[in-house]
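In case you want the letters, here they are:
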Amino acid sequence: MIHQPVLVSNKLGLHARAAAKLVRLASRFSSNIYLSREDANQQIDSKSILGILMLAASKGTQLMISIEGQDEVEAKEAICQLFETRFGEES
Amino acid sequence: MAAKPEKIYHGSGVSPGVVLGQVLKFESHSRLLLKVHVEDVEAEVRRYLRAIEASKEQLKALKSQLEEKVGSEHGIILDAHILMLEDRLLNADILDNIRTSRANAEWVLMQATDRLVLTYKSLEDEYFRDRHSDIEHVADRIQLNLSGDRPFSWEHLSGDQIIASRDFSPSDFATVDLQKVRGLVLESGGRTSHTSIICRGLLLPAIMGLRGFLDEVSTGDTLLLNGDDGQVIVNPGPARIEAVRRRMEAFGAYPADSSPAQFGTPALTKDGVPISLRANTEMMHELSAAKNCGAAGIGLFRSEFLYFGHPLGYPDMEEQLEAYSRLAREMSPHPVAIRTLDAGSEKVGGSPDLTQQENPSMGLRGIRLSLHSKETFLTQIEAIFRASCNGRIEIVLPMVSTIEEVWQAKALIDQVRTKVRKEIGPAIQAVPLGVMIEVPAAVFSLEVLAKEVDFLCVGTNDLIQYMLAVDRGNPQVAYLFQPLHPTVLHCLNRITTVAKSVNKPVRICGEISSNPFYAVLLLGMGFTQLSMNPLSIPTIRRVFREIPMEASRQIAQKALTFITAQEVHEYLTNAVAKLVPWDITSYAKEIAPPNGRNGK
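Residues numbered from 1 in each chain as written. Chains lettered and ligands numbered in written order. Predicted model: local features only at pLDDT ≥ 70, side-chain atom pairs only at ≥ 80, totals over all residues.

A. Spotlight on the overall build of chain B. Across its full length, chain B holds 22 helices and 17 strands. Burial analysis of chain B (600 residues in total) assigns 48% to the buried set. (Helix = DSSP H or I, 4+ residues; strand = E, 2+ residues; numbered from the N terminus. Buried ≥ 20, exposed ≤ 12 C-beta atoms within 10 Å, placed from the backbone.)

B. Expanded view of the interface of chain A and chain B. With 16 residues of chain A at the interface, the matching set in chain B holds 18 residues. Secondary-structure elements contributing two or more residues to the side of chain A that touches chain B are helix H1 (16-26) and helix H2 (49-54) of chain A. (Contact = placed C-beta atoms within 7 Å.)

C. Representation of the packing of H1(A) against helix H3 (residues 72-84) of chain A in the model. All names here are of chain A. Viewed as axis vectors pointing N to C, H1 and H3 meet at an angle of 165 degrees, and their least axial separation amounts to 10 Å. Looking at the two axes, H1 sits roughly antiparallel to H3. The two elements H1 and H3 cross, and the hand of that crossing is right-handed. Contact residues: H1 offers Lys21, Leu22, Leu25 and Ala26, while H3 offers Ala78, Ile79 and Leu82. Split into classes, the residues belonging to the contact of H1 with H3 amount to six nonpolar, no polar and one charged. (Axes fitted to C-alpha atoms, helices over the stretch in contact; angles between N-to-C directions. Parallel < 35°, antiparallel > 145°, perpendicular 65-115°, else oblique. Left-handed = near helix turned anticlockwise from the far one by under 90°. Nonpolar A, V, L, I, M, F, W, Y, C, P; charged D, E, K, R; others polar.)

D. Structural view of the nonpolar core. Within the largest apolar cluster, 134 residues are counted, with the highest numbers of intra-cluster contacts made by Val185(B), Val400(B), Val435(B), Ile437(B) and Leu521(B). With eight residues, helix H18 (residues 516-525) of chain B is the largest single contributor of residues to this core. What Leu521(B) contacts, discounting residues up to four positions off in sequence, is Ile555(B), Ala556(B), Ala559(B) and Leu572(B). Among the nonpolar cores identified, the runner-up in size contains 56 residues, and Ala16(A), Phe87(A), Ile98(B) and Leu116(B) belong to it. (Core = buried A, V, L, I, M, F, W, Y, C linked by C-beta atoms within 7 Å.)

E. Inspection of the sheet that holds strand E8 (residues 231-234) of chain B at higher detail. Residue and element names in this part refer to chain B. Strands sit in the order E1-E8-E7-E3-E4-E5-E6-E2 across an open sheet of eight strands; the sheet is mixed. A strand with exactly one partner marks an edge of an open sheet, and here the two such strands are strand E1 (7-10) and strand E2 (12-15). The mean inter-strand angle of the sheet, taken between neighbouring strand axes irrespective of direction, is 30 degrees. Of the strand pairs in this sheet, strand E5 (residues 181-186) and strand E6 (residues 206-208) are connected by two bridges, and their pairing is parallel. In the strand pairing of E6, Val185 is matched with Ile207. (Pairing = 2+ DSSP bridges.)

F. Geometry of the sheet that holds strand E1 (residues 2-7) of chain A. Residue and element names in this part refer to chain A. Ordered in space as E1-E4-E2-E3, the four strands form an open sheet in which the pairing is antiparallel. Strands at the two margins of the open sheet, each flanked by one partner only, are E1 and strand E3 (43-45). Ignoring which end each strand starts from, the neighbouring axes of this sheet average 30 degrees apart. Bridge count between strand E2 (residues 32-37) and E3: three bridges; the pairing is antiparallel. The partner of Ser36 across the bridge, within E3, is Gln43.

As structure tokens, this is what we get:
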């Protein structure tokens, strides 16, 4: 199990387009990948767009990713990169 | 799952009675969704998955069309919709629920959607909160793909449905199975709306004006509806349910503060003056309510309800004859006043298309329409005369504004009477003729009109609207609909004074007479015949028993001296409450003018 904090740094936050990208990416891995807000203990499945949108993560939100499974290392790297490149959007 | 928390809401109780039932959300006819027990759950699961696949194909096709037309950046929102269709959480939940509750996919999906939408609506961030509409779009598409193979049916309903809807028009009653409906909760509407009048007539407890209620409940939720005080409790606890069961055993559908009297017994004032209380009705199954509540006949039968939603557009002579005969027989020996067709904005066969009138309340309606479409009128009058041998029938002409209309109508009525007398001979009975006094012009030509007819009926609902130029259905001016406006009182006082001077009986046929305070005011002005929804009769009967005639006269005299509705209200509620030994203050609110807007 890997835990990794990430920061939502794109302008629009984890809105529908970014959430769709995240779901598509996460679904490529067999590991269970969960997201939670630092300020709430609710944990959601990052392969569920309805879950991600429910986080209501706007720009500047700190999230914790928890990954568990065979490809957890690859998954962590790919997802961190997606956050770091701000989902290909403006900051 | 743990017991759902109890939630309490307050609206306006427009039709009394307490019922327990389950919510049936009525959004539109095509989207009535119900819980249906399914035998083969795996087939239902496959059905749901097929609908998901079909929806996905449709969205993919739409997405590529959209991308071609406006560019790929806009296709992304449909991408999000496709992902919602595939959403693991949602689908796992739905498939689970189909299997465990053995319910149809539509119902399970709706429940899941409602829950999700509720969660989203609670989000603080506006962008994320608005995503509930995406969920609704996606769910609508799945529902549409599910709906092809199983149309809606009332058959599977348990029979304790409480309809929850934004709006419910009188014609919607035709589309529901009334045997299975126990109550009605609406987001819109109020006490004087037509729908609420029908509810009272049907003994159907109803609450209106509960804004946002549909977002708070789901089909299948248990609901406790108290039409007496306007309280709705979602997911009531066992103690409350038990209390309601006991109450229903004791009172049945009647309001707790009244007990029905024997059919036809007159009400009496404290000093023994008899007062006639008749019932306003519009549907045949209200007759038993009228009898059970001790009505001294029907004061106003709104005949247009025989026309609305009729498969042919209008009932033929035979059908009307049967309806009027039954009315007369059931109410015999008490009279039944049939108001001739009063359509204005509805589609009625044999008439020009009225639905396009820009201002139907001042358009071709009532007697104007009858004189315009004479065949329809002649058929109705003929049915009334033929039915006259079954009891005591009276005719009331609606919306009269000139004496010529009365002359023309009388000529037609005479023509029919002669024809029917030839055919059925002496069995034909005298049918007294009355006019509705509901247009200001009729109030001021009352002396002339009264000479031509046998009796007068005051339609206070319309009269107040026309006097004050206020459409009570328009929320922006509804506050100006003030039954206690001094002008309205002077108008009513003029009517009773003139009626007395020309020695013609006059009856109030508006919902206002079902308000105890207003009823005492009317009594004091000299109105000794009132007609109201059947359910209010026991309450008014009981109130009158506490009121000496002279006291009501003094109250009316004094009430006529004020210059604002606010002052009248203050005085009236105090003066009447002093005479009645139990608490009737809840009725004071119904006739209260709004605070602040036009008060002092």
